[in-house]
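Structural features, examined
So you can see what is in the structure, the chains are spelled out below.
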Amino acid sequence: MRLSRAEYKEIVRWTEKLRPTRRCMKILKDKFPSHSRSTLLSIFSLEYQKWIKRTFSRHHVPDVIESYYQRYLSEAKAQPTAPVLLELANEVDLSPALMARIILDRFLQGQDGGMPSKSVLNSMLKEPSSIPDQILASNVYQCTINDCCYGPLVDCIKHAIGHEHEVLLREKLNEKNLSFLDENHLRTMGYDKTPDIILEVPVAVEGHIVHWIESKASFGDDQSHQTYLNEQFWSYWNRFGPGLVIYWYGFIGDLDCQRDRGILLKDCFPTDIVTLCHATFVSFLYGLA
């Protein structure tokens, strides 16, 4: 779905009022019924992550961490079955999953007298049942399942969705009988940074030649797209020529402004693909087709 900049800004304006709970998606969907839930979630996640990056430092100060931890201990003791950490995170405007990480980290420091390793911390966040304190384990679990932007559950879902769309892309290419090399093939050939797909025979999409395709199971906003251009797309262009980026959950229409320079944006698999044999390719280049 291509969004005008005005449409995008209106959605962003609404996301600023929300926090990363499951209920927030219902509010957005009710407000913007014509947009898919996936598109709205992707926009919300991107905006919320920007906000967290701007504000996280104020939560990650030793005195603040200690005040959160002591408050957790006090309230968890008084109400052992209450979602203390989740409520605290919502009160101080911090991601529930990040609050759980901060408190678990502080708890482990008190247990061992030193900084816990990142691997131990990540393992316990993924498997809260392995946390030696049952009440804390329950609170960490509640934070994890109620955060739609951060945490191991979200990371797992994002990975699965990304893989699902890469599989979908390969299926679409096979349906069109297009020969291609995927990321795995390219890595065995020694390429370290590659697009998801390299077409063995180039195609034309909407009058533009395409040698490679990159799948993005996300919404393309200004910041993420600029980052991808700098860190991925231009290097693909330099190595493999012009290509196509599919933002499956849509993008701001203004960003599709690099077509003449060799980067085309779409929000779905193109239906008008023209396979270019050698003769067609030459004719296409010289405007004879």
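About the thresholds
Here the residue numbers are simple positions, counted from 1 along each chain's written sequence. Local features are withheld for residues below a pLDDT of 70 in this predicted model, meaning they are given only at 70 or higher, and side-chain atom pairs are given and counted only at 80 or more; totals for whole chains, interfaces and linings count all residues. Only heavy atoms go into the side-chain values, all of them from the structure, while hydrogens and water stay out. Stacked, tilted and edge-to-face pairs are distinguished by plane angle, under 30 degrees for stacked and over 60 for edge-to-face with tilted covering the rest, among Phe, Tyr and Trp rings (Trp via its six-membered ring) whose centres lie within 6.5 Å. Secondary structure elements follow DSSP: runs of H or I of four or more residues count as helices, runs of E of two or more count as strands, with numbering from the N terminus. Exposure categories follow from relative accessible area, calculated using a 1.4 Å probe and restricted to protein chains: below 20% of the type maximum is buried, above 50% is exposed, and the middle band is partly exposed. Here, a charge over a ring means that NZ of Lys or CZ of Arg falls within 6 Å of the ring centre while also lying within 35 degrees of the ring normal. The span one expects for a helix is its residue count, reduced by one, times 1.5 Å. By definition in these notes, contact holds between two residues if any of their heavy atoms fall within 4.5 Å. Whenever two N or O atoms come within 3.5 Å, that pair is a polar contact, provided that in protein one can donate a hydrogen and the other can accept it, and provided that, for residues adjacent in sequence, both atoms are side-chain atoms. Directions pointing from the helix axis toward each C-beta atom define the arc. By the convention used here, strands pair only if DSSP detects at least 2 bridges between them. Looking down the strands as they point away from the viewer, one classifies a crossover as right-handed if the path from the first strand across the helix to the second runs clockwise. Marked domain ranges trace back to an automatic or database domain assignment. Accessible surface is computed with a 1.4 Å probe, and the buried area is the amount of it that two parts give up when combined, taken over both parts together. Salt bridges are counted wherever a side-chain nitrogen of Lys or Arg sits within 4 Å of a carboxyl oxygen of Asp or Glu. Under the scheme applied here, ten amino acids are nonpolar (Ala, Val, Leu, Ile, Met, Phe, Trp, Tyr, Cys and Pro), four are charged (Asp, Glu, Lys and Arg), and all others, including Gly, are polar.

**Description of the packing of aromatic side chains**
Evaluation of the coordinates by the stated rule reveals ten aromatic pairs. Ring centres of Y48 and Y150 lie 6.3 Å apart, and the angle between their planes is 65 degrees; this geometry places the pair in the edge-to-face category. Taken together, the residues Y48 in helix α3 (residues 37-59) and Y150 in the loop between α8 (134-145) and α9 (152-175) connect sequence positions 102 residues apart. Y150 shares its class with Y48; the two are buried. When the ring of Y228 is compared with that of Y247, the centres are 6.5 Å apart and the planes differ by 40 degrees; the resulting orientation is tilted. Note that Y228 is positioned in helix α11 (residues 222-240) and Y247 in strand β5 (residues 243-247), a separation of 19 residues in sequence. Stacked on the ring of W51, the Lys or Arg R19 has its end atom at 4.5 Å from the ring centre.

**A closer look at α8**
Owing to its 3.6 residues per turn, the α-helix aligns residues three or four sequence positions apart on the same side. For α8, which comprises twelve residues, the first-to-last C-alpha distance of 17 Å matches the rise-based estimate of 16 Å (1.5 Å per residue) to within 8%. By the burial criterion, the buried members of α8 are L136, A137, N139, V140, Q142, C143 and T144. Those residues of α8 hidden inside the fold are in contact with α2 (22-31), α4 (62-78), α5 (84-91), α6 (96-112), α7 (118-126) and α9. Here α8 starts with a cap whose side-chain oxygen sits 3.1 Å from the backbone nitrogen of I135, and that cap is D133.

**Structural notes on α4**
Between its terminal C-alpha atoms α4 stretches 24 Å, which fits the 24 Å expected from 17 residues at 1.5 Å a residue. Where α4 is concerned, the buried positions are I65, Y68, Y69, Y72 and A76. The buried residues of α4 occupy an angular sector of 95 degrees when projected down its axis, which confines them to one face. In α4, the exposed residues that point more than 90 degrees away from the buried face are D63, K77 and A78. Those residues of α4 that are buried lie in contact with α3, α5, α6 and α8.

**A few points about unusual backbone geometry**
Backbone geometry places N177, a non-glycine residue, at a positive phi of 55 degrees. Here N177 is to be found in the loop between α9 and β2 (180-182). Owing to a relative accessible area of 68%, N177 belongs among the exposed residues under this scheme. Its identity is not glycine, yet E206 carries a phi of approximately 50 degrees, on the positive side. Tracing the chain through its elements places E206 in the loop between β3 (197-205) and β4 (208-216). For E206, a relative accessible area of 35% gives the class partly exposed.

**Structural notes on the pairing of β5**
The buried fraction of β5 is high, at five of five residues. Note that β4 and β5 share five bridges and pair parallel. Paired with I213 across the strands is L244, a residue of β5. Note on the crossover from β4 through α11 to β5: the handedness is right-handed. Two strands pair when backbone bridges link them, and β5 and strand β7 (residues 263-266) are joined in this way by four bridges, in the parallel orientation. When the bridges of β7 are listed, G243 appears paired with I263.

**A look at the domain arrangement of the protein chain**
Partitioning the protein chain into domains gives domain 1 (2-56), domain 2 (60-146) and domain 3 (155-282). In this assembly, eight residues from domain 1 lie in contact with eleven residues from domain 2. Carbon and sulfur atoms supply 58% of the area buried between domain 1 and domain 2, which totals about 780 Å² over both sides. Counting across the interface, domain 1 meets domain 2 through one salt bridge. Between D93 and R19 there is a salt bridge whose closest N-O contact spans 3.0 Å. For the pair domain 1 and domain 2, the number of links is three residue pairs in polar contact (both at pLDDT 80 or more). A per-element tally of the side of domain 1 that touches domain 2 places α3 first, with four residues. Within the side of domain 1 that touches domain 2, the residues separate by chemical class into five nonpolar, one polar and two charged.

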